[in-house]
Amino acid sequence: TEIHISLPGFTTKILPERAGELFDMAFDDHETMLGAHRFAWLPLAQEVVDPNWVATIWNEWTDRYGEPDNSWAWHPYTTAERAINIITYSETNGLPASWQDMAATLNLHGKSIIENLEYYGENNTSNHLSNNGRGLYFLGLFLENETYAESGIQILLNEAERIFLPSGILREGSSHYHFLLTKNYISAWIAAKRYNRPESGKLKMIARRALAVIPRLVLTGGLPLVGDISPDCPPSHLSFLAAGGGQWLNSLDKENRDSFFKLRESCRPVNQDILRSDGWLRFDFEGWSGLWHADPSGWSHMPGHGHQDCGGLELHFKDTPLFVDPGRGSYGETGVPAWERSAYNQSTLIIDGQDPYPPNKPYYSRLFREKICGGSPVFFVGGDFIELSYDGYTRLTGLGRVTTKWHFTESTLVLEDSILGEGRHKVERFFYTPFTLERHGASIRMELGNQKYLATSSDGFFEIDQSVRWTEYGKSSPVSLMRFTSYSHLPKKYIIEVQRIS
């Protein structure tokens, strides 16, 4: 029978007699092609994939790509993911080929990863190196190759110190990538337990620190997808990290599932002040639940997966998202993907059409960044308000510090933007929302089901438009855009009030 294969942003149907078509297709998105080579569809399948199908597709892949080369099929991240996915499947469901053939092919995977580690110096190395290490670790344990296992664990442990900030949050500016890397370290810990490895305790501590962040990221209406969404898996695939079970957990035996549940239950949420110093602020008040991100330097971390979201937020009231981070649907440095990473695609403030901070480069030093855009953004938290001040716009003529205050009552949000500077400037504030919008005099009426809000401003005017919110890589849902615009002489204070009317 046919099989449906889920790839990043794309689902395809494959017939048994034409299984090789999976690797012959011309995909519109580079990440879709990589997902096929990573066998990323295996852990995402709703039910355990028939071993005959896995054997058929594995043999088609080895016939075409079995010898390492410089193609994307053997890119080290892809090589590691493929090894992990096929090993994880095989440990529970049996090998897709003879042990002799599997060992030979997987040994080539280990050799290829070691020879092509994604280390590009301190300023250019991303989370990929950590996953190179995870691939080597899984290969080493499965093949009983201590060279691979030892290399893998040293990379995993060393990279954890580098890619996670003091609070335990991933430094790369993406909530979904934090979930993904947390799952990766949990999987390494469980593998270490399975093989009775001495490093199990160290991996558990890393996983615990990363898990402790997750309750702070998940709002009352769900997880805000701040920054990039990984093509490796949909956010729903990782929801078990916050609560409940899930597909990935179902692949584990009862002992390891219980070990994970025990670990999750033992994690106390990370201290709010420590998390705030790493650029993430969670705030709850009388039914309101919000998440703000402002990288500790203001500049989006490079290399990383962050967006131009300084001063942006996702805000829920009880279990309903009110203002959201739209995210982006695919990767790219030009066109729509680049625009979706900009401040224009955040629920945030823009002055003179410029992002809050310039494009970042991994080789910029801290002193250089501070010379261009001042010191770190500063959050201040009160009982019923939060405040953010930052100097990113001081790089532009006539602009000074921006301070935004969000003040909450039980039924009202009052947003106050104070902009220092001189001369006349264009000020825009964007609000992306799943609510429908309708002009109501000079105000905007917001409605979703039986919930209604009214947005008004002290100055300027509102415009209404339509947009999308990316719910996973390559998949979106419609949202509305409410844009406030004013042309004013600085310094000036702008006030927008959003009142719940039912």
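Before reading further, recall that the structure is shown in the block above.
First, a word on scope: everything that follows refers to the structure included in this document. (Residues numbered from 1 in each chain as written. Predicted model: local features only at pLDDT ≥ 70, side-chain atom pairs only at ≥ 80, totals over all residues. Heavy atoms only, no water.)

What about the overall build of the chain?
(1) Moving on: Counting secondary structure elements, the chain contains 14 helices and 16 strands.
(2) Moving on: For the chain, the C-alpha radius of gyration of 24 Å lies close to 23 Å, the compact-globule estimate for 502 residues.
(3) Moving on: For the chain, with 502 residues in total, the buried portion stands at 55%.
(4) Moving on: Put simply, of all contacts in the chain between residues at least 6 apart along the chain, 67% involve residues at least 24 apart.
(5) Moving on: About 20,700 Å² of surface is accessible on the chain, with carbon and sulfur atoms providing 50% of the total. (Helix = DSSP H or I, 4+ residues; strand = E, 2+ residues; numbered from the N terminus. Rg over C-alpha atoms; globule rule 2.2 N^0.38 Å. Buried < 20%, exposed > 50% of the residue type's maximum accessible area, 1.4 Å probe, protein only. Contact = heavy atoms within 4.5 Å. Areas by Shrake-Rupley, 256 points an atom, 1.4 Å probe, with all protein chains shown as cover.)

Thoughts on the pattern of salt bridges
(1) Moving on: Going through the model one piece at a time under the given rule, you end up with 28 salt bridges.
(2) Moving on: Here R18 ties to E21 by a salt bridge, and the two come within 2.7 Å at their closest N and O atoms.
(3) Moving on: The closest approach of N and O atoms between D24 and R64, which form a salt bridge, is 3.1 Å. With D24 in the loop between strand 2 (10–14) and helix 1 (30–37) and R64 in helix 3 (residues 51–65), the pair connects residues that are 40 residues apart, well separated along the chain.
(4) Moving on: One salt-bridge network, held together by shared partners, links D24, E60 and R64. (Salt bridge = Lys/Arg side-chain N within 4 Å of Asp/Glu carboxyl O.)

Overview of helix 3
(1) Moving on: Spanning 15 residues, helix 3 covers 20 Å between terminal C-alpha atoms, matching the ideal 21 Å at 1.5 Å per step.
(2) Moving on: Within the span of helix 3, buried status applies to W53, V54, A55, I57, W58 and W61.
(3) Moving on: On its buried side, helix 3 packs onto strand 1 (3–7), strand 2, helix 1, helix 2 (41–44), helix 4 (76–93) and helix 5 (99–115).
(4) Moving on: The distance from a side-chain oxygen at the start of helix 3 to the backbone nitrogen of N52 is 2.8 Å, and the residue carrying that oxygen is D50. (Expected span 1.5 Å × (residues − 1). Polar contact = N/O pair within 3.5 Å; in protein donor to acceptor, adjacent residues only side chain to side chain.)

Description of the environment of F10
(1) Moving on: With respect to the helices and strands, the residue F10 is situated in strand 2.
(2) Moving on: Judged by relative accessible area, which is 33%, F10 ranks as partly exposed.
(3) Moving on: For the pair F10 and T32, spaced 22 residues apart in the sequence, the C-alpha separation amounts to 6.9 Å.
(4) Moving on: Each residue touching F10, except ones within four places of it in the same chain, is listed here: I5, M25, F27 and T32.

With respect to unusual backbone geometry
(1) Moving on: Cis rather than trans, the peptide bond between M302 and P303 has omega equal to -5°.
(2) Moving on: Note that P303 resides in the loop between strand 4 (288–293) and strand 5 (312–317).
(3) Moving on: A cis amide bond, omega 0°, links L490 with the succeeding residue P491.
(4) Moving on: Along the chain, P491 falls in strand 16 (residues 475–500).
(5) Moving on: In the Ramachandran plot, E286 falls in the positive-phi region, its phi being about 45° despite a non-glycine side chain.
(6) Moving on: Looking at the secondary structure, you find E286 in the loop between strand 3 (280–285) and strand 4.
(7) Moving on: Even without glycine at this site, K318 takes up a positive phi of about 55°.

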